[in-house]
Structure formats: structure tokens, C-alpha cells
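# Geometric and topological summary
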Amino acid sequence: MAENTSSMETFVITGMTCANCSARVEKELNHQPGVTTANVNLATERATVQFDPATTSADDLMQSVQKIGYGALLYDEAHKQSIKEAKERELYKMKRDLIVSAVLTAPMMISMIGMLLGFHNDVFHFFHLPLVQLLLTIPVQFGVGQRYYRGAYHAIKTGAPNMDVLVALGTTAAFVLSVLNGFILNEPTHLYFESSAMIITLILLGKFLEQKAKAHTGNAIKQLMQLRAKTSLVWDGENFSQQDIELVQVGDRLLVKPGEQVPVDGVILKGQAAFDESMLTGESLPVEKGLEATIFGGTVATNGTIEMTATQVGSGTVLAKIIQMVEDAQGSKAPIQQIADKISAIFVPAVLIAAVATILLTGLITGDWQTAMIHGVAVLVIACPCALGLATPTAIMVGTGLGAKNGILIKSGVALEKAAHITSIILDKTGTITLGRPEVTDFVGDESTLAKLSALESRSDHPLAKAITHYHPAAYLEVADFQLIPGGGVQGTIAEETLLVGNRHLMNQAGISIAAAETTAADWEASGKTVLFFADLTSHQLLAYLAISDAVKETSKEAISQLKQQGIKVYMLTGDHQKTAEAIGQQVGLSKETIFAGVLPEDKADYVAKLQQQGEVVAMVGDGINDAPALALAEIGIAMGTGSDVAMETAEVTIMNGELTKVPQMIRLSATTLRKIKQNLFWAFLYNTIGIPFAALGFLSPIVAGGAMAFSSVSVLLNSLSLNRKKI
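Residues numbered from 1 in each chain as written. Predicted model: local features only at pLDDT ≥ 70, side-chain atom pairs only at ≥ 80, totals over all residues. Heavy atoms only, no water.

## A few points about the overall build of the chain
- Scanning the chain from N- to C-terminus turns up 27 helices and 26 strands.
- Viewed in the frame of its principal axes, the chain has a C-alpha envelope of about 115 × 65 × 55 Å.
- Within the chain, the proportion of its 728 residues that are buried is 53%.
- Across the chain, the 53 positively charged side chains and the 69 negatively charged ones have centroids separated by 9 Å. (Helix = DSSP H or I, 4+ residues; strand = E, 2+ residues; numbered from the N terminus. Buried < 20%, exposed > 50% of the residue type's maximum accessible area, 1.4 Å probe, protein only. Lys, Arg positive; Asp, Glu negative; His and termini not counted. Charge placed at Lys NZ, Arg CZ, Asp CG, Glu CD.)

What follows is the structure in C-alpha cells.
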């Protein structure tokens, strides 16, 4: 079987101005040999490309982007600082050009407004002279505005007209018409220099504000990055000395003092302290931790001094993985974005046709070709599809960032959108509804039997086995022929006795009578306890039986209530006996009909499939390795961050603190984000639907059209940013 050699790289793309630009770059990358998928996000200005390194390389991909007129930089740790500096330079250049453009345009605009209001003086007349306006406009049109000409050239060259084409055509038409009237036809009262200069100034102002607002959409990532420690106190054999965090290795012994950040993931060797883990879980209350407890890089020791050993460093830490997951989610596309992408692809050509039609119809009907030209300019300028391109990705960025702040990690825009459509949710019992820390509460049998039981269970890492060995630490007894029976129990041989421990179903299969324990076992199960039986397979005798209880999480009942209030059907899935499951279900507000009991691990996915066949949009919530198939099959897989890595890798959403109340919060966040996206798309469509006819009919001057276009993008960004004020 051939080895999968696919690589994934992320690039920062510069020079994109609208949705057509991102679509053009995406198309170009997807056409490169060896590229499997390429996804370009206008809001994050990044491209994520999966490709075969044997066929193409990162350098080849960057060159392909550069050939069509855009810039490309590899987005990795080595280049992040240079990328940040490049963005700062670009923002500075934009600010400088904006100031120059505004200073040169202001005299023309002030004098025009003044004369319209009836104020006539020498200063106003001076700034209305054709030569003065020409000299003021040239630096704006061809200096500040060169970015639009450059972008238009590359867009036309590649056959993908974009916003730059519309701006360049519109402002050039106004400029040429002004030169014609002012210096050839000798009609100095029909000058439009201030229009072309003001359009460029307003559009540049809108782009500048857009860039500033975009920076705020990525605040969640910045805040997470600020949590990373820069240095650490490392044991050098004699004492603890300060070292750069990059030099810390797995196995190093570190010192953390009160008020300091934990530098990397690790285990406490000495001392105890309370840790602020809000950056991981969204919960503000510190968590007390002592010897052998796991602690995470970026959390803060609020009191106490501890010594720790490093278990994960660099990109392997939980914080690094969270940052990567949020970045990936913010760079992904939601299905609803396809609407905007399809419209943007045909929008600019359609606008060019509309502008030409406006000029021809207005000129033929009125006979005034200058007015017709100005109407056409207004159509060109107002119709840029910038707002369409930003409507979805900016809301996704803010929504996933807000989730991360609250301890809800959403892997993609697809998952964020799908969560709003959930109709049914299946909750695994152990570790999801319950704490996942079972304890033995009752035991019937003698001491020697308990010792054998504990020795046998010490070979298993199942939570119930750990509960037994915690209840009676195993003495050394040699166990032979050990077998793990999935969904049933364990079997092994001690001192020539073949022993079996497991549930009622396993005992029935083995032909072991449990009649002597039936009454007590039924009482235990009725109170929500899990019952295990211990038998000798050689003599077919029941040796002992015990009850194990796993306490229900305090928030489970409230979470299930909230899910029901959201109109979602809630089910519980467990391998426990029906009576035990019903007792737990009663505690959290679930009826018998919504409980799936006695389910084997390999059958969990079947219950997801059954609900899907009934037309339900299913979410599965679990924390164990055996939940992974069900998590993968469900429309949305939600893993508890307190569970296994396999479950978290498989799921599309991870609840960092394992609290079930985060699930309805996540669904509310999804619904709110989707609502923002729809609002953004509605206003973007409405703006163009109304704006183009108004401009064509002459109700909007080119200057007003330019201002409206510039601020439509900003309004979409501000609407997305308003998500940050929502309480989920």
C-alpha cells in the first residue's frame, strides 16, 4: 500500500481587495499540478493548500500566485515575524497615502461645497481652476491610485476582473472627461477632478478601516499567543536558572512560582497550587492541583510554588494545538459562503455590462453623453463586491474566536454552521453526563476473593477496573491468559483458577447463575449503580458481586434542560443495564424512551445511523476511544476535553473543561454566528441591488457611490465584530 505523502501548507496572500481576488488565487492554486485542495480566505488573507510534495513545492505554489499579481509568503514560525512586519509596513503605507490623498482632495471638495452653498470668493474660485484641480488630482489619481491600476492590470491579464478594475475604470473616466472639458472643449464648469480624487480617497479610507477592523477579528488568536511563556526556570543540576522557552525539552525539571505562567505541559513533581485554567476551559475559578497532577502551558499558578517535569513542549502543548485549531477554523469556509462565491464570480463582469448599458441608454435617451458617462462611473464605483467577500469569513473568525475564549474549540466553519441545524443529540453516559470517576460503593464477598478480583482488574485500564484497584490496591498475584472482552468484562487465570468478571450479560453467556445476587443487584441498579459479578469459570460458581457508582455532573441536568428548550431531542447512550441507565436518566430529566442501554462499544455508531435514517441532524457527545466511530459518523462530533485524544482528534468540536453546559452554549454560538452571516449577506446584496439602479438613474453621484461602497465593507466587519458582545 502506497504511503500517503500529502503535505499541507498555509500561505499569507497579499494584494487581495475583494472576493474576486480570493477566488482568482484559489482557482490558480487548484490548477497547479499536485495540488489536492486549495482554500483562500479573504478575511484572514491566507491560503491553505494540500499538495503532493513529489509533484510541486511551497516555492512553486508561491511563484504561481506571484505570476497573477499577488504576493505570497509561507505562514510558519520562521516567517510569522516578517509577515507581521510586512503587514505593519503595508498599513503604514496605506495610512500615509490616505493622508496625502485627503490633503490634496480636501481643498477641491471644500471649495465645491462652499460654492454650492452660495459662497463665492477668490479662494474657492482658485481651487476651481482646471489647472489647479489637475495638479491636485494627478498625485491622487496616478500616485495613490496606482494600487488600483496595478491590480486592474493583473486582473485583466488573468481574465478575472475585480474591484480594482471597477475603481480604475470609474476614476479614469472621470479624470479623462475633466481633462477633455477643462483643456480641450473649454467647458471649465463641467469638471469631475474632485470626483475621481474623492472616490480614491474614500475607497482607500474604507480599506484602511477594513484592515484595522480585520485585526480585531483575530483578537482571540492574539490573546492565546500572549499566553505563551517566553522563559522558564530550568534545573541545571545545581539550581534553577532562567532559559529561553525554546530550549526547554521533554523531561526537564522546571520551577513555577506564584503568579507565573506554566511554561509547558507537564506533571507536578513537588508542591501544590491553584491554577487559573480559564484560557483552556473558559471557567474563571482556579483549580487546585497537587502531586502527579497534569498541568498545562499558559495556565497561571495563582498561589503556591511547584516543581514539574515537562511532558510536552513547543507545538505539542495543548495551548499550541488550540492556537493551531482556531487558526485552521478561522481560515476555513462555511457552506453558506458558496452563495457569495458564486455571485462574486459573475458580479464584476455583470457590473461592467450594466455600466456600459447605463452610458448608452442615458446618452441615447437624453442626448447628454457627459451625464451618461458620470452615471456609468457611479455604477462602476458603487458595485464592488467587497462586502460580499467579507460577509461570511469575518463572522466565522469572530465566532470561532469567541468559542475559544469560552473553552469551546470548533475545528471549522463547516462545523460552526452545521451546529445550528442539530435536531437530535446523543450523550454518552460515562464522562459526559457523569464525572467519569467511578467508585466502588458496595462489595459482597470475602477478602481473598477481593484480592483476586483486584489483581485481575489491574491488567485493564478501563475506568471500572481502576475503581476496583483504587478500592483495593492489587497485591502481586500472577495473572495468566488475560483477555479483555469488549463491552463485557475481563477474564484470566490465577493459581489455575479461570476467573471472569463482568456484567450480567457476560455471566449469562458464560452460563453462570447470579440468582443469589439478583435481589441486591436489582436494588443497586435501581439507584443508578453499575453492578459487576465475579465468577469461577472452572466450577461455574459466583464468587462475589459489587456496585460501582459514577456521580452525575452537577451541570448535566441543567445542560439537558437547555438543549430541550432549544427544541433538540436528547438521548443517552450507555453500556449499563437498563435499570441503572434509567436511574441516571431520571436524575438528569431523561425519559425511558430516550435511553439506549446495554449498548456495546462497536454498536454506538448504529444508534447515530438510526436517527439519521429518520431524518434527524445528529450530534454525538462522548469522551472515550470507543466513542470515536459514532463521533465521526454524526453530523457534529463533540468531544469532552477531559477524555481521550482519539475522541478529540475525531470530533469537530472539543469542550475543554468537559462541562455539558458548553454544548448548548456552542449551539447558541453557532445560531448567532449564522444569523450574523445571513445579516451580512442580506445587507451586501441589498446594498448592490438598490445602489446600482440608483446610480444608473443618476440619483447617486460618483462621490456618494464611492463613499457607500467603501463603508459597506466596514459595516459588514462591524456587524461581525458585534458578535463579541453576545453572551453565549
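## Comments concerning the UniProt feature "domain: HMA" (unreviewed entry) in the chain
- Sites flagged by UniProt as "domain: HMA" (unreviewed entry) map to residues 7-73.
- Secondary structure content for residues 7-73 is 33% helix and 36% strand, while the C-alpha to C-alpha distance between its ends is 17 Å. (UniProt positions renumbered as here; feature names shortened; annotations may be inferred.)

## Observations concerning the UniProt feature "transmembrane region" (unreviewed entry) in the chain
- The feature "transmembrane region" (unreviewed entry), as given by UniProt, occupies residues 98-119, 125-144, 165-185, 191-209, 343-366, 372-391, 680-697 and 703-723 in the numbering adopted here.
- For residues 343-366, helix accounts for 100% and strand for 0%, while the C-alpha atoms at its two ends are 32 Å apart.
- Across residues 703-723, helical content stands at 90% and strand content at 0%; the span's end C-alpha atoms are separated by 31 Å.

## What to know about helix H6 (residues 146-157)
- Over its 12 residues, H6 runs 16 Å from end to end, which matches the ideal 16 Å to within 8%, given 1.5 Å per residue.
- Within the sequence span of H6, burial applies to Arg 147, Tyr 148, Gly 151, Ala 152, His 154 and Ala 155. Around the axis of H6, the buried residues are gathered within 170° of arc, so they sit on the same side. Exposed positions of H6 whose direction lies more than 90 degrees from the buried face are Tyr 153, Ile 156 and Lys 157.
- The positive-phi residue at the C-terminal boundary of H6 is Gly 159, with phi of around 70°. (Expected span 1.5 Å × (residues − 1). Arc of directions from axis to C-beta.)

## Considering the packing of aromatic side chains
- Overall, the coordinates contain 10 aromatic pairs when judged by the stated rule.
- Where Phe 142 meets Phe 175, the ring centres are 5.1 Å apart and the plane angle is 90°; that geometry is what we call edge-to-face. Note that Phe 142 is positioned in helix H5 (residues 130-144) and Phe 175 in helix H7 (residues 163-184), a separation of 33 residues in sequence.
- Its relative accessible area of 9% is what places Phe 175 among the buried residues. (Phe/Tyr/Trp six-rings, centres within 6.5 Å; stacked < 30°, edge-to-face > 60°.)

## Notes on the side chain of Asn 657
- Summarising the element assignment, Asn 657 is placed in the loop between strand S26 (653-655) and helix H26 (662-696).
- Overall, Asn 657 belongs to the buried group, its relative accessible area being 15%.
- Polar contacts involving the side chain of Asn 657 include one to the main-chain amide nitrogen of Glu 659, which spans 3.0 Å. (Polar contact = N/O pair within 3.5 Å; in protein donor to acceptor, adjacent residues only side chain to side chain.)

## So, the pattern of salt bridges
- Scanning the entire structure with this criterion turns up 17 salt bridges.
- Ionic pairing is found between Arg 253 and Glu 307, a salt bridge with its closest N-O pair at 2.5 Å. Placement of Arg 253 in strand S7 (residues 253-256) and of Glu 307 in strand S13 (residues 306-312) is noted, with a sequence separation of 54 residues between them.
- In this structure, the salt-bridge partner of Glu 277 is Lys 289, at a minimum N-O distance of 2.7 Å. Here Glu 277 is found in the loop between strand S9 (273-276) and helix H10 (278-281), whereas its partner Lys 289 is found in strand S10 (residues 287-289), with 12 residues between them in sequence. Lys 289 shares its class with Glu 277; the two are buried. (Salt bridge = Lys/Arg side-chain N within 4 Å of Asp/Glu carboxyl O.)

## A look at the confidence of the model for the chain
- Chain-level pLDDT for the chain is 87 on average; 96% of the residues reach the 70-or-more range.
- Ranking the elements of the chain by mean pLDDT puts helix H25 (residues 645-650) last with 65 and helix H21 (residues 556-565) first with 96. (pLDDT = per-residue confidence, 0-100.)

## What to know about unusual backbone geometry
- Despite not being glycine, Ala 495 has its phi angle at roughly 50°, a positive value.
- Looking at the element boundaries, Ala 495 is found in the loop between strand S18 (489-494) and strand S19 (497-502).
- With relative accessibility at 67%, the residue Ala 495 sits in the exposed group.
- Phi angles above zero are rare outside glycine, and His 540 is one such case at about 55°.
- Structurally, the position occupied by His 540 is in the loop between strand S20 (530-536) and strand S21 (541-549).
- Exposure remark for His 540: the relative accessible area of 41% places this residue in the partly exposed category.

## With respect to helix H3 (residues 80-116)
- Under the 1.5 Å per step criterion, the end-to-end length of H3 is 51 Å for 37 residues, consistent within 8% with the ideal 54 Å.
- Along its length, H3 shows its largest kink, about 35°, at Thr 105, and proline Pro 107 lies within four residues downstream of that point.
- Just beyond H3, the residue with positive phi is Gly 118, at close to 95°. (Bend = angle between axes of the 7 residues up to and from the residue.)

## Digging into the packing of H5 against H6
- As a packed pair, H5 and H6 sit with axes 4 Å apart at the nearest point and diverge in direction by 40°. In this structure, H5 contributes Gln 141, Phe 142, Gly 143 and Val 144 to the contact, and H6 contributes Gln 146, Arg 147 and Tyr 149.
- A per-class count over the contact of H5 with H6 returns 3 nonpolar, 3 polar and 1 charged. (Axes fitted to C-alpha atoms, helices over the stretch in contact; angles between N-to-C directions. Contact = heavy atoms within 4.5 Å. Nonpolar A, V, L, I, M, F, W, Y, C, P; charged D, E, K, R; others polar.)

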